[in-house]
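This is what each chain is made of:
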Amino acid sequence: MKILVVGGVAGGASVAARARRIDEKSEVIMFERGPHISFSNCSLPYHLSGMIQDSAELVLMEPMGLSKKFNIDARVNQEVIAIDPHDKFVTVKNLLTGEEYRESYDKLALSPGAEAVRPGAIEGINNDNVFVVKNVVDIEKLQNYIVQNDVAELAVVGGGFIGLEVCENLVKVGKKVHLIEALDQVMNPLDYDMVQLLHKEMYDNGVDLLLKERVVSIKDGKVFLDSGKEITAELVVMAAGVRPETTLAKQCGIELGETGAILVNRNYQTNYPDIYAVGDAIEVTHKLTGKKTKLALAGPAQRQARAAADHMFGKSHNNNGVIGSSCIHMFNLNVANTGLNEKQCKQFGFNYDVAYSIFGDRVKLIPGVSPIFFKLIYEVPTGRVLGAQAIGKGAVDKRIDVIATLIFMNGTLEHLKELELCYAPHFSLARDVVNQTALVGLNLLQNDFKQVRVSEVRELVESGAFIVDVREADEFAEGHIVGAKNIPMSQIRGRLDEIPRDQPVYLHCKSSQRAYNVIRALQTLGFDNVYCISGSFLGLCFHEYYLDQTTGRQKIVTEYNFA
Ligand SMILES: Cc1cc2nc3c(=O)[nH]c(=O)nc-3n(C[C@H](O)[C@H](O)[C@H](O)COP(=O)(O)OP(=O)(O)OC[C@H]3O[C@@H](n4cnc5c(N)ncnc54)[C@H](O)[C@@H]3O)c2cc1C
């Protein structure tokens with residue numbers, strides 16, 4: 001069999017390598033229009049901070065290595081410019097010599113990726129000081145420009161994971177970074193309530209975060225925004241999303257799907273059965289919504305590549321669709337998410353609820369312990385887990401991976417509650433935050449207790465709601481919700497007459513654990529109208545801080561306390 005592959009990075013190289021592992025006799029040729037194959041796209045931003053000093057390290061395999069080790073003919077600087085799906089050949093252009101030639105195939109795999117969007121409406125978008133970050137050549141160009149021009153201040157447009165990683169790495173080497181994002185939040189896979197922790201982290205690290213702002217033009221060392229603001233920027237990195245590379249596919253009549261990406265069946269075949277497509281260029285099905293979507297991530301690309309190569313040789317895989325699991329490191333925080341967020345649950349009409357927990361990532365006595373802020377989204381009334389988001393300094397990715405596994409297996413809160421996870425003091429708690437949050441969710445689902453979220457507290461304070469802080473007096477003195485009454489948990493049983501029975505009462509402590517215990521006690525004593533402020537004082541401080549600083553609005557806590 002003669003197999004051709006278009007694109008020599010995540011998906012393409014994986015198809016080629018898998019095909020070789022299945023059949024030693026097949027001829028495998030891989031075309032890459034850039035000068036490098038098999039590079040680590042995901043590590044590109046780390047060259048900007050010098051964490052990866054030599055850009056050559058980003059390239060994991062040279063064509064010669066692929067040829068020697070795998071007998072794959074990897075041709076760099078060669079662009080496939082046309083496909084004839086009927087006579088089954090491609091036309092290739094050698095970008096160094098201009099020469100064009102044909103190569104026939106039995107099976108063809110497309111993994112052309114996605115291009116970084118450069119919105120045409122922005123004046124100056126193609127200026128010499130405007131960069132994108134897609135490959136090794138891009139990052140070298142950007143880094144050279146920074147060094148040669150001794151750039152001190154710049155703008156990154158787009159608050160997705162590429163924009164944030166570029167931002168972080170440049171801040172680390174002392175650059176002043178303006179991060180411009182059109183939405184009211186960065187990292188759209190997270191919900192607005194959770195993302196405030198990330199906004200705070202960026203703010204604390206000196207990033208000038210400009211939300212709900214659109215770039216109009218780039219000129220004379222400045223970026224002009226539609227709000228009328230002018231930002232000093234010696235260069236601009238455009239990270240405003242990616243668009244599937246479909247030009248080649250369209251030209252030969254390969255069908256695109258409703259999202260504009262290449263349409264494939266569950267075996268990654270296009271409408272021409274001998275042409276497969278994988279990676280960022282294709283349309284995928286979301287496992288939970290059943291809707292078509294796009295998902296530009298490395299894991300799915302590699303999984304699809306293996307399945308496509310296997311299918312060429314007659315072996316099919318289960319194709320369960322995607323759920324969208326991702327993570328990012330940002331200054332001192334790790335952030336991870338999987339499945340659906342609340343915005344998507346609303347968009348797709350799920351009946352859902354959320355449970356929050358703030359739990360230590362390990363036992364308190366172990367150095368380095370830090371809280372994990374965890375949000376779990378589940379279907380009502382089934383308890384089926386739909387999604388989760390976690391933020392903290394510790395291993396949030398591990399917690400999210402547990403949830404991703406559960407979602408994949410159609411797991412429920414009941415399963416999550418019972419999940420037996422490994423524990424020793426260095427790694428977690430005997431009841432890990434994921435088990436704990438399942439318990440919170442089950443309590444809510446079974447109407448054992450009621451909650452309000454930290455995002456609702458401002459309204460409660462402004463409307464004079466009865467808020468009880470059950471932390472001890474010294475904790476209260478260090479900072480509390482304006483107007484809250486302090487009845488420490490240790491005194492609650494002697495001060496029940498201070499708690500009204502004829503109006504809602506909102507309880508909190510530092511992270512909700514004490515408040516929950518008090519609520520259960522009150523409920524058994526006939527207090528029916530008690531609510532837990534999920535996230536409690538710690539969550540509230542993190543939620544409010546960035547918004548308070550940047551909008552100048554009135555604080556609803558006397559002092560923030562992040563400890
Ligand atoms: C800066 C950055 C950071 C990222 N970080 C993460 C991360 O942390 N986690 C994660 O899961 N994902 C991450 N990704 C996304 C991940 O890299 C992609 O999802 C993955 O590489 C997609 O694989 P692919 O094969 O579809 O496309 P690519 O890896 O982009 O490869 C496509 C290749 O095809 C070539 N090509 C296109 N058309 C032709 C043609 N006609 N002829 C020849 N060659 C052609 C292109 O030059 C390109 O090199 C990141 C991406 C970037 C850019």
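Here the structure is shown first, and the text comes after it.
Asks: Outline the overall build of the protein, supporting the account with residue identities and numerical values.
Replies: Along the backbone of the protein there are 15 helices and 30 strands. Taken along the three principal axes of its C-alpha coordinates, the protein extends 90 × 55 × 40 Å. If you take every contact in the protein between residues at least 6 apart in sequence, the share linking residues at least 24 apart comes to 62%. Counting only carbon and sulfur atoms, one obtains 49% of the accessible surface of the protein, whose full area is about 24200 Å². With 59 positive and 69 negative side-chain charges, the protein shows a spacing of 4 Å between the two charge centroids.

Asks: Run through the sheet that holds strand β16 (residues 236–238), naming residues and quoting values.
Replies: Ordered by their spatial adjacency, 5 strands build an open sheet running β9-β16-β10-β11-β12, and the pairing between neighbours is parallel. Among the strands making up the open sheet, the edge pair consists of β9 (130–131) and β12 (208–211). Of the pairings in the sheet, the one linking β9 to β16 comprises 2 bridges and is parallel in character. Looking at the pairing, Phe131 lines up with Val237 of β16.

Asks: I'd like a description of empty space enclosed by the protein, backed by residues and values.
Replies: Using the criterion set out here, one finds 2 cavities of 30 Å³ or more in the structure. Its volume calculated, the largest cavity comes out at about 120 Å³. Forming the walls of the largest cavity are 13 residues, and the residues nearest its centre are Met194, Tyr356, Phe373, Val454 and Gly539. The class makeup of the residues in the lining of the largest cavity is 7 nonpolar, 5 polar and 1 charged. Residues that form the lining of the second largest cavity fall into these classes: 4 nonpolar, 2 polar and 2 charged.

Asks: Lay out the layout of surface pockets in plain terms, naming residues and giving numbers.
Replies: Here the second largest pocket defines a volume of roughly 480 Å³. Along the walls of the second largest pocket sit 18 residues, with Phe359, Gly360, Lys364, Lys510 and Gln513 positioned nearest its centre. Counting only elements with at least two residues in the lining of the second largest pocket, the list comes to β23 (352–360) and α14 (513–524). Examining the composition of the lining of the second largest pocket, we find that 3 residues originate from one element, β23, more than from any other. Looking at side-chain class alone, the lining of the second largest pocket contains 10 nonpolar, 4 polar and 4 charged residues.

Asks: Residues and numbers for the site of the ligand, please.
Replies: The local shell around the ligand holds 30 residues, among which Gly11, Glu32, Ser111, Asp280 and Ala298 are the closest. At a separation of 3.4 Å, an oxygen atom of the ligand approaches a polar backbone atom of Ala10. Asp280 is positioned with one of its side-chain polar atoms (N or O) 2.7 Å from an oxygen atom of the ligand. For the ligand, the protein covers 91% of the area, taking 1000 Å² as the surface of the free molecule. Listing elements by their share of the shell around the ligand, those giving two or more residues are α1 (10–22), β2 (27–32), β4 (78–84), α4 (161–172) and α7 (298–312). Taken together, the residues that form the shell around the ligand break down as 16 nonpolar, 8 polar and 6 charged.

Asks: Lay out the side chain of Asn561 in plain terms, naming residues and giving numbers.
Replies: One can find Asn561 in the segment after α15 (536–551). A polar contact is formed between the side chain of Asn561 and the side chain of Glu478, at a distance of 3.4 Å. Of the polar contacts made by the side chain of Asn561, one reaches the backbone nitrogen of Ala563; its length is 3.1 Å. Contact partners of Asn561, with chain neighbours within four places excluded, come to Glu478, Phe537, Leu538 and Cys541.

Asks: Outline helix α9 (residues 396–408), supporting the account with residue identities and numerical values.
Replies: Between the first and last C-alpha of α9 there are 18 Å, a value that for 13 residues agrees with the 18 Å anticipated at 1.5 Å per step. All buried positions along α9 are accounted for by Val396, Arg399, Ile400, Val402, Ile403, Ala404, Leu406 and Ile407. With its phi angle positive at about 60°, Asn410 sits one or two positions after the end of α9.

Asks: Residues and numbers for the pairing of β2, please.
Replies: Of all the 6 residues making up β2, 5 are buried; the element is thus mostly covered by neighbouring parts of the structure. As paired strands, strand β1 (residues 2–6) and β2 are joined by 5 bridges and run parallel to one another. Considered in β2, the bridge of Ile3 is made with Val28. Assessed by its sense of winding, the connection that carries the chain from β1 through α1 to β2 is right-handed.

Asks: Report on the sheet that holds strand β22 (residues 333–339), specifying residues and quantitative values.
Replies: Strands sit in the order β21-β22-β25-β24-β23 across an open sheet of 5 strands; the sheet is antiparallel. Lying at the two open borders of the sheet, with one neighbouring strand each, are β21 (326–330) and β23. The sheet shows a mean angle of 10° between the axes of neighbouring strands, direction not considered. As paired elements, β22 and strand β25 (residues 385–392) share 6 bridges and run antiparallel to each other. Opposite Ala336, over in β25, you have Ala390 as the bridge partner. Taken strand by strand, α9 contacts β22, β24 (371–379) and β25, and its axis lies near 175° from that of β25.

Asks: Mind laying out the packing of α1 against α7, listing which residues take part and the relevant values?
Replies: Relative to each other, α1 and α7 sit at 35°, their axes nearing to 8 Å. The way α1 lies across α7 gives a crossing that is right-handed. From α1, Ala10, Gly11, Ser14, Val15, Arg18, Ala19, Arg21 and Ile22 reach across to α7, where they touch Ala301, Gln302, Ala305, Arg306, Ala309, Asp310 and Met312. Its residues assigned to classes, the contact of α1 with α7 shows 8 nonpolar, 3 polar and 4 charged.

Asks: I'd love a proper account of the nonpolar core, names of residues and values included.
Replies: Within soluble globular proteins, side chains that are nonpolar generally end up buried alongside one another. Within the largest apolar cluster, 103 residues are counted, with the highest numbers of intra-cluster contacts made by Val186, Met202, Phe374 and Leu507. Once you skip the residues sitting within four places of it in the chain, Val186 turns out to touch Gly159, Leu164, Leu179, Val195, Leu198, His199, Met202, Leu209 and Leu211.

Asks: Explain unusual backbone geometry to me, and be specific about the residues and the numbers.
Replies: Look at the link from Val380 to Pro381: it is a cis peptide, with omega at 5°. One can find Pro381 in the loop between β24 and β25. Phi at Asp150 is positive, roughly 45°, even though this residue is not glycine. Locating Asp150 in the fold gives a position in the loop between α3 (136–148) and β10 (153–157). Using a relative accessible area of 61% as the deciding quantity, one classes Asp150 as exposed. Of note in this structure, Tyr268 is not a glycine but carries a positive phi near 70°.

Calculation rules
Numbering of residues starts from 1 in each chain and follows the order in which that chain's sequence is written. Where totals are concerned, whole chains, interfaces and linings use all residues; where local detail is concerned, this predicted model gives features only for residues with pLDDT of at least 70, and gives and counts side-chain atom pairs only at 80 or more. Heavy atoms throughout the structure, all of them, feed into the side-chain values; hydrogens and water do not. Secondary structure follows DSSP: runs of H or I at least 4 residues long count as helices, runs of E at least 2 residues long count as strands, and numbering of each begins at the N terminus. Contacts between residues were defined by any pair of non-hydrogen atoms, one from each residue, lying within 4.5 Å. Residue-level accessible areas treat just the shown protein chains as cover; the underlying method is Shrake-Rupley with a 1.4 Å probe. By the counting scheme adopted, Arg and Lys are positive, Glu and Asp are negative, and His together with the chain ends is not counted. By convention, charge coordinates are those of NZ in Lys, CZ in Arg, CG in Asp, or CD in Glu. Two strands make a pair as long as DSSP finds a minimum of two bridges between them. In this analysis, the protein atoms alone were mapped onto a 1 Å grid. Cavities are point sets where a 1.4 Å probe fits without being able to get out; pockets are open sets with protein on both sides within 12 Å along at least five of seven lines; lining residues have an atom within 4 Å of a point. Grid points are joined across faces, edges and corners, and a volume is the space filled by probe spheres set on the points. For this classification, the nonpolar set comprises Ala, Val, Leu, Ile, Met, Phe, Trp, Tyr, Cys and Pro, the charged set comprises Asp, Glu, Lys and Arg, and every other residue, Gly included, is treated as polar. Throughout this document, a residue counts as near a molecule or strand when at least one of its heavy atoms sits within 4 Å of that molecule or strand. Two N or O atoms count as a polar contact when they lie within 3.5 Å, although within protein this holds only if one can serve as hydrogen donor and the other as acceptor, and sequence-adjacent residues are included solely when both atoms are side-chain atoms. One fewer than the residue count of a helix, multiplied by 1.5 Å, yields its expected span. Exposed residues in this analysis have more than 50% of their type's maximum accessible area, buried residues have under 20%, and partly exposed residues fall in between, with area computed by a 1.4 Å probe over protein chains only. A clockwise course of the path from the first strand over the helix to the second, judged with the strands pointing away from the viewer, identifies a crossover as right-handed. Only the contacting stretch of a helix is used when fitting its axis, a line to C-alpha atoms as for every element, and angles between N-to-C directions run 0 to 180 degrees. The crossing is said to be left-handed when, going from far helix to near helix, the turn is anticlockwise and less than a right angle, and right-handed when the turn is clockwise. Joining through side-chain atoms within 4.5 Å is the link that ties buried Ala, Val, Leu, Ile, Met, Phe, Trp, Tyr and Cys residues into a set, and such a set is a nonpolar core.

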